Amino acid sequence: MKSSIRIKALAAAALVSGAAVASLALLNDNAVASPTATNENALASSAAPRVKPTVVLVHGAFADSSSWNKEIGYLRRHGFPVYAIDTPLRGLAFDSAYVEAQLKTLKGPVVLVGHSYAGEVISQVAAETPKVKALVYVAALIPRVGDSANSLIGQFPGSRLTPENLRTVPLPGGDTDVYIKAAKYGTVYGNGLPKSAVDVASVTQEPIAFSAFGDKATVNPPAKTPKWAVIATEDHAVPTAAQEFGARRVGAHLIHTRSGHDVPAISPDAVDRAIVAAAESVH
């Protein structure tokens, strides 16, 4: 009798087990395939390369977009979309509006890079343009509301952007263009460049409107936007102390480099490091 009961129990267990196997097979056919496909899609998505932000380079006074040639080469070799804007150097309001208009033609996030006077420009633009996701200041003026180039440079000793080193050209509209005297260019701006480069740059420099030096910032750099600052330790145009003051005040990550004011040409490696770090902060 006990053997008969045991056989019936085993048979029932086999039926239950068979039903479970059948149920599992049904689940495998109908349900398990979907998570597997999802996992494959997730893996494909995670394996896809992250789209890099566009790097936009803005030159400062006495320069043009070719001043970024070394950085452009590096960025292109490393797969970054890059634009160098020829800024008119007509004053903070005009130049900021000009750069903003250029950015409207670009898609996706932007890392905005500014040298020298362009530190003022990119600060203003970033406050008005949400697509700017990181800022890089290069030997730059970094203002807050009410600051001007004159006030920031004049706050610290060491600048050789003094009247005896500058050449001024009155314009028909009533403004005045400012150049560095060719004989003083290497001392004021290009210390650290080869003499041949100084000789060329001193006679091809782009002038800036005299009024631009007095233009005051009307907005602060956006507080939540990550910032990097390349500090030139041998700068005779924008004093190193002025660069550090502005950078620390806005919480920028600092990269020091032994360079005169023309950091993009003299110390491009430091600029490249700052740009890549800024780009990696963009998600």
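Refer to the preceding data block for the structure.
This one's a predicted model, so the numbers in the text were calculated from it and none came from an experiment.

Examining the packing of helix α2 (residues 69-77) against helix α10 (residues 268-280)
So, step 1. With their axes 10 Å apart at the nearest point, α2 and α10 run at an angle of 45° to one another. The pairing of α2 with α10 is recorded here as oblique in orientation. Here the hand of the crossing between α2 and α10 comes out right-handed. Each of K70, E71, Y74 and L75 in α2 lies in contact with α10, whose residues at this interface are P268, V271, D272, I275 and V276.
So, step 2. The residue inventory of the contact of α2 with α10, partitioned by class, reads six nonpolar, no polar and three charged.

Some details on helix α8 (residues 240-249)
The periodicity of an α-helix, 3.6 residues per turn, causes residues three or four positions apart to be oriented the same way.
So, step 1. Residues of α8 that are buried include every one of T240, A242, Q243, G246 and A247, and no others. Each buried residue of α8 sits inside an arc of 165° when the element is viewed along its axis, so together they form one side.
So, step 2. On its buried face, α8 sits against α5 (149-154), β8 (227-232) and β9 (253-257).
So, step 3. Where α8 terminates, the next one or two residues include G251, which has phi positive at roughly 75°.

A closer look at the sheet that holds strand β3 (residues 110-115)
So, step 1. Taken in spatial order, the six strands line up as β2-β1-β3-β4-β8-β9 in an open sheet, and their pairing is parallel. Every interior strand has two partners, whereas the edge strands, β2 (82-85) and β9, have only one. Neighbour to neighbour, the strand axes of the sheet diverge by 15° on average, direction disregarded.
So, step 2. Note that strand β1 (residues 54-58) and β2 share four bridges and pair parallel. Across the sheet, the residue bridging to V58 is I85, located in β2.
So, step 3. Across the sheet, helix α4 (residues 118-128) is in contact with β1, β3 and β4 (132-138); its angle to β3 comes to roughly 150°.
So, step 4. Here α10 sits on the sheet and contacts β1, β3, β4, β8 and β9; the angle it forms with β8, its principal contact strand, is near 170°.

A few points about the pairing of strand β5 (residues 166-170)
So, step 1. Of the pairings in the sheet, the one linking β5 to strand β6 (residues 176-180) comprises five bridges and is antiparallel in character. Opposite P170, over in β6, you have T176 as the bridge partner.
So, step 2. Counted along the chain from β5 to the antiparallel partner β6, the turn is five residues long, and its residue G174 has a positive phi close to 110°.

Focus: the sheet that holds strand β7 (residues 208-209)
So, step 1. Spatially, the three strands line up as an open sheet ordered β5-β6-β7, and their pairing is antiparallel. Each having just a single partner strand, β5 and β7 make up the two edges of the open sheet.

Comments concerning unusual backbone geometry
Working note: non-glycine residues mostly have negative phi, and peptide bonds are mostly trans.
So, step 1. We note that L89 has phi near 60°; this positive angle belongs to a residue other than glycine.
So, step 2. Here the phi dihedral of S116 falls at roughly 65°; this positive angle occurs in a residue that is not glycine.
So, step 3. In this structure, S116 sits in the loop between β3 and α4.

Reading guide: rules and limits
Residue indices follow the written sequence of each chain, beginning from 1 at its first position. Owing to the predicted nature of the model, reporting of local features is limited to residues with pLDDT of at least 70; listing and counting of side-chain atom pairs is limited to 80 or more, with chain, interface and lining totals taken over all residues. Heavy atoms from the whole structure form the basis of all side-chain values; hydrogens and water molecules are not counted. Simply put, an axis is a line fit to the C-alpha atoms, just over the touching stretch for a helix, and the angle between two N-to-C directions goes from 0 to 180 degrees. Helix and strand assignments come from DSSP, with helices taken as H or I runs of at least 4 residues and strands as E runs of at least 2, each series counted from the N terminus. With respect to orientation, any angle under 35 degrees is reported as roughly parallel, any angle over 145 as roughly antiparallel, any angle of 65 to 115 as roughly perpendicular, and every other angle as oblique. Here is the rule for handedness: rotate from the far helix to the near one, and if that takes an anticlockwise turn smaller than a right angle the crossing is left-handed, while a clockwise turn gives right-handed. Residue contacts are defined here by distance: any two heavy atoms, one from each residue, within 4.5 Å place the two residues in contact. Each residue is assigned to one of three groups, with Ala, Val, Leu, Ile, Met, Phe, Trp, Tyr, Cys and Pro labelled nonpolar, Asp, Glu, Lys and Arg labelled charged, and all others, Gly among them, labelled polar. Between buried and exposed lies partly exposed: a residue is buried under 20% and exposed over 50% of the maximum accessible area for its type, with that area taken using a 1.4 Å probe on protein chains only. The directions considered for the arc run from the helix axis to the C-beta atoms. Strand pairing follows a simple DSSP-based rule, namely that at least 2 bridges must link the two strands.

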